[in-house]
Amino acid sequence: MKFAVIGHPIDHSLSPIMHDANFKALKRDDTYEALNIPPKHFHLIKEIINEKQLDGFNITIPHKENIIPYLDEIDSHAETIGAINTVKIENGRWLGYNTDGIGYVKGLQEVYPKLENAKILLIGAGGASKGLAAALNEIVTTPLAVANRTMSRFDTWDLSVEQLTLSDAEKMLDRFDIVINTTPAGMNKNKDVVISLDNLAPHTLVSDIVYIPSKTPILALSEEKGNPIYNGLDMFVNQGAESFKIWTGQTADTEAMKTAVIEQLKRRN
Ligand code: ATR
């Protein structure tokens, strides 16, 4: 079968290496390539994909919402989020899914088995946060809290969550068992920590959906305080594994995928 990831920029995507490792581990002869589609060419998406005769593809920044008008069907979980990261092509029909949140939650459950009863705070209210909230809402019994810098962001939220300002969240931080940063603050060379961690309880697991760098400033600071930390690497691996499952019906070899990603990251450093 033939797969791809579309995005812009896409040169540094680890998805091809990660999926190739899975194909190899499962002795499949599938292919997975990275396709750079700048926004000005996005209207050609049908032609580009059809010419490649793909069976499915992933979508990354900045096209997760742009793809929606081109789909024949959207799965209900993805519809709640309003963003797509996986398309399955079946008899010429394009079916849209979102595996980001599910991927994150699958990994989180492994490091935090009692997730069901956890009190969780999400920082940020963009597309990534919504994906996590939708997936967490399906498992966690306590209402989710979401804190954001700009409160009008919640206007596009259908999910029921406790909406907080960043300063509300700072004040009541000790109430939470898990704090998850979904904002890009901390990515690449950005040294920002979006909220003060002064009131963090000692047991709280602090997480970031970013995995490059492996320890974002919020994770580094939390670790210094002695808190457990959890980055976004498993989320990346598991979203890919879930996409593969949607395309093929087969369970991916997540260990092989994770090893390939870690090796590649080491090579780049
Ligand atoms: P994504 O799809 O990755 O979630 P997004 O939809 O653009 O990206 O959302 C980015 C989120 O990070 C938003 O919640 C944004 O806050 P605003 O709604 O106030 O813009 C948040 N964010 C980005 N940089 C931030 C920073 N330096 N401090 C606080 N929040 C930040």
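Residues numbered from 1 in each chain as written. Predicted model: local features only at pLDDT ≥ 70, side-chain atom pairs only at ≥ 80, totals over all residues. Heavy atoms only, no water.

The name an unreviewed UniProt entry gives the protein is Shikimate dehydrogenase (NADP(+)), with Staphylococcus simulans UMC-CNS-990 as the organism. In its Pathway (unreviewed entry) section, the UniProt entry covering the protein states "Metabolic intermediate biosynthesis; chorismate biosynthesis; chorismate from D-erythrose 4-phosphate and phosphoenolpyruvate: step 4/7." The heading Subunit (unreviewed entry) in the UniProt record of the protein holds the text "Homodimer." (UniProt positions renumbered as here; feature names shortened; annotations may be inferred.)

In total, this model carries nine salt bridges according to the counting rule given. Among the salt bridges present, the one from Glu 33 reaches Lys 52, with a minimum N-O distance of 3.4 Å. Remark: Lys 52 occurs in helix 2 (residues 45-52) and Glu 33 occurs in strand 2 (residues 31-36); sequence separation between them is 19 residues. Among the ionic pairs, Lys 88 bridges to Glu 90, the shortest N-O distance being 3.2 Å. Judged by relative accessible area, which is 36%, Glu 90 ranks as partly exposed. (Salt bridge = Lys/Arg side-chain N within 4 Å of Asp/Glu carboxyl O. Helix = DSSP H or I, 4+ residues; strand = E, 2+ residues; numbered from the N terminus. Buried < 20%, exposed > 50% of the residue type's maximum accessible area, 1.4 Å probe, protein only.)

Bringing the UniProt feature "domain: Quinate/shikimate 5-dehydrogenase/glutamyl-tRNA reductase" (unreviewed entry) in the protein into the picture now. In the numbering used here, UniProt assigns the feature "domain: Quinate/shikimate 5-dehydrogenase/glutamyl-tRNA reductase" (unreviewed entry) to residues 110-185. Each end of residues 110-185 is marked by a C-alpha atom, and these two atoms are 25 Å apart; helix forms 25% of the span and strand 21%.

This part is about the site of the ligand. What surrounds the ligand is a group of 13 residues, the closest being Ala 125, Asn 148, Arg 149, Thr 150 and Arg 153. Of the residues assigned to the shell around the ligand, the class counts are four nonpolar, six polar and three charged. (Near = heavy atom within 4 Å. Nonpolar A, V, L, I, M, F, W, Y, C, P; charged D, E, K, R; others polar.)

A word on the sheet that holds strand 11 (residues 205-208). Ordered by their spatial adjacency, six strands build an open sheet running 9-8-7-10-11-12, and the pairing between neighbours is parallel. In this open sheet, the two edge strands, each paired with only one partner strand, are strand 9 (162-165) and strand 12 (229-230). Against the sheet, helix 7 (residues 217-224) touches strand 7 (120-123), strand 10 (178-181), strand 11 and strand 12, its axis set at about 160 degrees to strand 11. (Pairing = 2+ DSSP bridges. Contact = heavy atoms within 4.5 Å. Axes fitted to C-alpha atoms, helices over the stretch in contact; angles between N-to-C directions.)

In this section: the side chain of Asn 238. Inspection of the secondary structure puts Asn 238 in helix 8 (residues 233-248). For Asn 238, a relative accessible area of 13% corresponds to the buried category. Here Gly 103 takes part through its backbone oxygen, which lies 3.2 Å from a polar atom of the side chain of Asn 238. With residues up to four places along the chain from it excluded, the contact list for Asn 238 reads Gly 103, Lys 106, Gly 107 and Thr 254. (Polar contact = N/O pair within 3.5 Å; in protein donor to acceptor, adjacent residues only side chain to side chain.)

Time to look at the pairing of strand 10. Along strand 10, one buried face is formed by Ile 178 and Ile 180 and the opposite face, lined by Val 179 and Asn 181, is buried too. Here four bridges tie strand 7 to strand 10, and the two strands are oriented parallel to one another. Bridge pairing in strand 10 places Leu 121 opposite Val 179. In terms of strand pairing, strand 10 meets strand 11 through four bridges, oriented parallel. In the sheet register, Asn 181 faces strand 11, and the bridge partner there is Asp 208.

Glancing now at the sheet that holds strand 4 (residues 73-74). If you trace the six strands from one edge of the open sheet to the other, you get 2-1-3-5-6-4, paired in mixed fashion. The open sheet is flanked by strand 2 and strand 4, the only strands paired with a single partner. Strand direction decides the pairing type here: strand 1 (residues 2-7) and strand 2, joined by six bridges, are parallel. Considered in strand 2, the bridge of Ile 6 is made with Leu 35. Contacting strand 1, strand 2 and strand 3 (56-59), helix 1 (residues 15-25) crosses the sheet at an angle of about 170 degrees to strand 2. Strands in contact with helix 8 are strand 1, strand 2, strand 3, strand 5 (86-90) and strand 6 (93-97); relative to strand 5, the strand with the most contacts, it is inclined by about 10 degrees.

Take the environment of Gly 82 next. Of note, Gly 82 is situated in the loop between helix 3 (76-81) and strand 5. Overall, the relative accessible area of 28% leaves Gly 82 in the partly exposed class. Considered as a pair, Gly 82 and Trp 157 are 75 residues apart in the sequence and their alpha carbons are 9.5 Å apart.

Listed in full, the buried residues belonging to helix 1 are Ser 15, Pro 16, Met 18, His 19, Ala 21, Asn 22 and Phe 23. The elements touched by buried residues of helix 1 are strand 1, strand 2, strand 3, helix 8 and helix 9 (254-268). Of the residues one or two after helix 1, Lys 27 is the one with positive phi, at around 55 degrees.

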